[in-house]
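Each chain, letter by letter, is given below.
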Amino acid sequence: MHVEIHCKKCGQQRQVDLGSPQNQTVEDFLHLIRERLSHKPSFECFGGHFEFAAPLPQFWDIHWDTLTDG
């Protein structure tokens, strides 16, 4: 699954591969993705900056309307 993500800090936008659901519904899989990105202690953005905070909600906007299955 792929989705467009926009970084509020650096302005970069990228299509990101989320992986695929394994023995779970798509809704459960996307919920786990949101939870992981909301509680991740630090991350390196595809725009090149490193942050000691979770990407959601402060830095990233996920455009769920662009979600594709391939």
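Residues numbered from 1 in each chain as written. Predicted model: local features only at pLDDT ≥ 70, side-chain atom pairs only at ≥ 80, totals over all residues. Heavy atoms only, no water.

### Comments concerning the overall build of the protein
The condition is simple: Runs of E in the DSSP output that reach at least two residues are strands. Runs of H or I that reach at least four are helices, and both are numbered from the N terminus. Throughout, radius of gyration means the C-alpha value; the globule benchmark is 2.2 Å times the number of residues raised to the power 0.38. By definition, residues are in contact when any of their heavy atoms lie within 4.5 Å. Per-residue and other accessible areas follow the Shrake-Rupley method at a 1.4 Å probe size, with only the shown protein chains counted as cover for residues. By the counting scheme adopted, Arg and Lys are positive, Glu and Asp are negative, and His together with the chain ends is not counted. To locate a charge, take atom NZ for lysine, CZ for arginine, CG for aspartate or CD for glutamate.
Of regular secondary structure, the protein possesses one helix and five strands. Seen in sequence order, the protein has helices and strands lined up from the N terminus as β-β-α-β-β-β. Rg of the C-alpha trace for the protein: 12 Å, near the compact-globule value of 11 Å for 70 residues, within the 12% margin. Long-range contacts, defined as pairs at least 24 residues apart, comprise 47% of the intrachain contacts of the protein with a sequence gap of at least 6. Just so you have it, the protein exposes about 4500 Å², and 49% of that area is on carbon and sulfur atoms. In the protein, 6 positive and 10 negative side-chain charges are present, and the distance between their average locations comes to 7 Å.

### What about the nonpolar core?
Filter applied, for reference: Buried Ala, Val, Leu, Ile, Met, Phe, Trp, Tyr and Cys residues form a nonpolar core when they are joined through side-chain atoms within 4.5 Å. The classification of residues rests on relative accessible area computed with a 1.4 Å probe and restricted to protein chains. Under 20% of the type maximum is buried, over 50% is exposed, and intermediate values are partly exposed.
L18 and W60 are the most contacted members of the largest nonpolar core, which has 16 residues in total. Those elements giving two or more residues to this core turn out to be β1 (2–7), α1 (26–39) and β5 (60–68). It is α1 that provides the largest number of residues to this core, a total of four residues. In contact with L18, other than residues within four places in its own chain, are M1, V3, F29, L30, I33, W64 and L67.

### With respect to the side chain of E51
Just so we agree on the cut-off: Residues adjacent in sequence count toward polar contacts only when both atoms are side-chain atoms; beyond that, a polar contact is any pair of N or O atoms within 3.5 Å, and within protein one must be able to donate a hydrogen and the other to accept it.
The topology assignment puts E51 in strand β4 (residues 50–51). A distance of 3.0 Å separates the side chain of E51 from the side chain of H49, its partner in a polar contact. Ignoring sequence-local partners within four residues, the contact set of E51 consists of K9, S42, F43 and F59.

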